[in-house]
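Coordinate inspection notes
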Amino acid sequence: MNPSKSSRASALLVVSVLALAFSGCAARRQQAYLEDKAMGHVYRKPIAEVWPAALALIKEKGFSVTNTQTGFETTTEWLMTSAPSSLGTSYARYLVRGFERGPGQCAVEFRRQDRSESRAADDTSGRGKDMGETAVGAGNSQMKRDSELEWELLQKVDPEAAAALKAEAQKID
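We now turn to the structure provided with this report. Residue indices begin from 1 for each chain and proceed along its sequence in written order. Local features in a predicted model are, by the rule used here, given only for residues with pLDDT of at least 70; side-chain atom pairs are given and counted only at 80 or more, and totals for whole chains, interfaces and linings are based on all residues. Hydrogens and water are ignored here; the side-chain numbers use all heavy atoms of the structure.

What follows concerns the overall build of the protein chain. Runs of E in the DSSP output that reach at least two residues are strands. Runs of H or I that reach at least four are helices, and both are numbered from the N terminus. A tally of regular secondary structure across the protein chain gives four helices and six strands. Along the protein chain, helices (α) and strands (β) appear in the sequence α-α-β-β-β-β-β-β-α-α when read from the amino end. Exposure is judged per residue with a 1.4 Å probe applied to protein chains only, and the accessible area is read against the type maximum: over 50% gives exposed, under 20% gives buried, and values in between give partly exposed. Across the 173 residues of the protein chain, 27% fall into the buried class. Put simply, 56% of the contacts in the protein chain that link residues at least 6 apart link residues at least 24 apart. Residue exposure ignores everything except the shown protein chains as possible cover, and the areas themselves are Shrake-Rupley values with a 1.4 Å probe. Summed over all atoms, the accessible surface of the protein chain reaches about 10900 Å², with 54% contributed by carbon and sulfur. We call two residues contacting when some pair of their heavy atoms lies within 4.5 Å.

Have a look at this one:
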């Protein structure tokens, strides 16, 4: 390969890499836009119509719903989200809430809480820790809105609104 062919090949490689990088960034911006819009979405349906879809979605993700609390609010059981390990095992649970936003309108929030537990190592100091004792570490967290799950619900419950938002997101570059 002569130097000019090598230079052209290098330039083509650089252009290809930059195109991929920028298209990835645009896709992430579009997804963030969609999730942000989903968090503020008000369904033009009563909560009694949207609530079963919210519960079905959380169950699809493998979470089991505990007894529904007052009205349209429920918490899931903790679900193991990583394989058991001596380095730490991760768990998650959800708080799901439905809100009336006016006559025949509602909103749904998914809040996720993650935690991790690690097994205490064999304590050779003789201070009494047994092998395998569970210690909950600093991996506990506050509940945070799960915009990705809220976007999934929007796509299932209101596909027309989701399609309109996708069309808006395509204009983002």
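Right, let's get into the packing of helix H3 (residues 147–157) against helix H4 (residues 159–170). Axis definition: a line fitted to C-alpha atoms, over the contacting stretch in the case of helices. Angles run 0 to 180 degrees between N-to-C directions. The N-to-C vectors of H3 and H4 enclose an angle of 120°; their axes lie 5 Å apart at closest approach. As summarised for this structure, H3 and H4 are arranged oblique, according to the angle between their axes. Two secondary-structure elements touch here, H3 through Trp 151, Leu 154, Gln 155, Lys 156 and Val 157 and H4 through Pro 159, Ala 161, Ala 162, Leu 165 and Lys 166. Residues belonging to the contact of H3 with H4 are distributed by class as follows: seven nonpolar, one polar and two charged. Geometric relationships in this document are graded by angle, where less than 35 degrees denotes roughly parallel, more than 145 denotes roughly antiparallel, 65 to 115 denotes roughly perpendicular, and other angles denote oblique. Throughout, the ten residues Ala, Val, Leu, Ile, Met, Phe, Trp, Tyr, Cys and Pro are labelled nonpolar, Asp, Glu, Lys and Arg are labelled charged, and all others, Gly among them, are labelled polar.

Below, the discussion takes up the packing of aromatic side chains. In summary, the pairing rule links any two rings of Phe, Tyr or Trp, Trp by its six-membered ring, whose centres are within 6.5 Å, and it sorts them by plane angle into stacked for under 30 degrees, edge-to-face for over 60 and tilted for everything else. Counted under the stated rule, the structure contains three aromatic pairs. With centroids separated by 5.7 Å and ring planes inclined at 70°, the aromatic side chains of Trp 51 and Phe 72 adopt a geometry described as edge-to-face. Taken together, the positions of Trp 51 in helix H2 (residues 47–60) and Phe 72 in the loop between H2 and strand S1 (73–75) put the pair 21 residues apart, joining distant regions of the chain. Residue class for Trp 51 comes out buried when judged on its relative accessible area of 7%. Note on Tyr 94 and Phe 110: the rings are 6.4 Å apart at their centroids and 90° apart in plane angle, and the pair reads as edge-to-face.

Closest axis-to-axis distance for the H2/H3 pair is 10 Å, and the angle between their directions is 130°. Considering the angle they form, H2 stands oblique to H3. As H2 runs across H3, the sense of the crossing is right-handed. Each of Val 50, Ala 53, Ala 54, Leu 57, Ile 58 and Glu 60 in H2 lies in contact with H3, whose residues at this interface are Leu 149, Glu 152, Leu 153, Lys 156 and Val 157. Of the residues belonging to the contact of H2 with H3, the class tally is eight nonpolar, no polar and three charged. Less than a right angle of anticlockwise turn of the near helix away from the far helix marks a crossing as left-handed, whereas a clockwise turn marks it as right-handed.

Right, let's talk about the nonpolar core for a bit. By nonpolar core is meant a set of buried Ala, Val, Leu, Ile, Met, Phe, Trp, Tyr and Cys residues that side-chain atoms within 4.5 Å join together. Val 96, Val 108, Phe 110, Leu 153 and Leu 154 are the most contacted members of the largest nonpolar core, which has 26 residues in total. Elements that contribute at least two residues to this core include exactly helix H1 (3–39), H2, strand S3 (89–102), strand S4 (105–119), H3 and H4. Here this core takes seven residues from H2, the largest share from any one element. When neighbours within four sequence positions are excluded, Phe 110 is seen to be in contact with Ala 54, Leu 57, Ile 58, Tyr 94, Leu 95, Val 96, Lys 144, Arg 145, Asp 146, Leu 149, Glu 150 and Leu 153.

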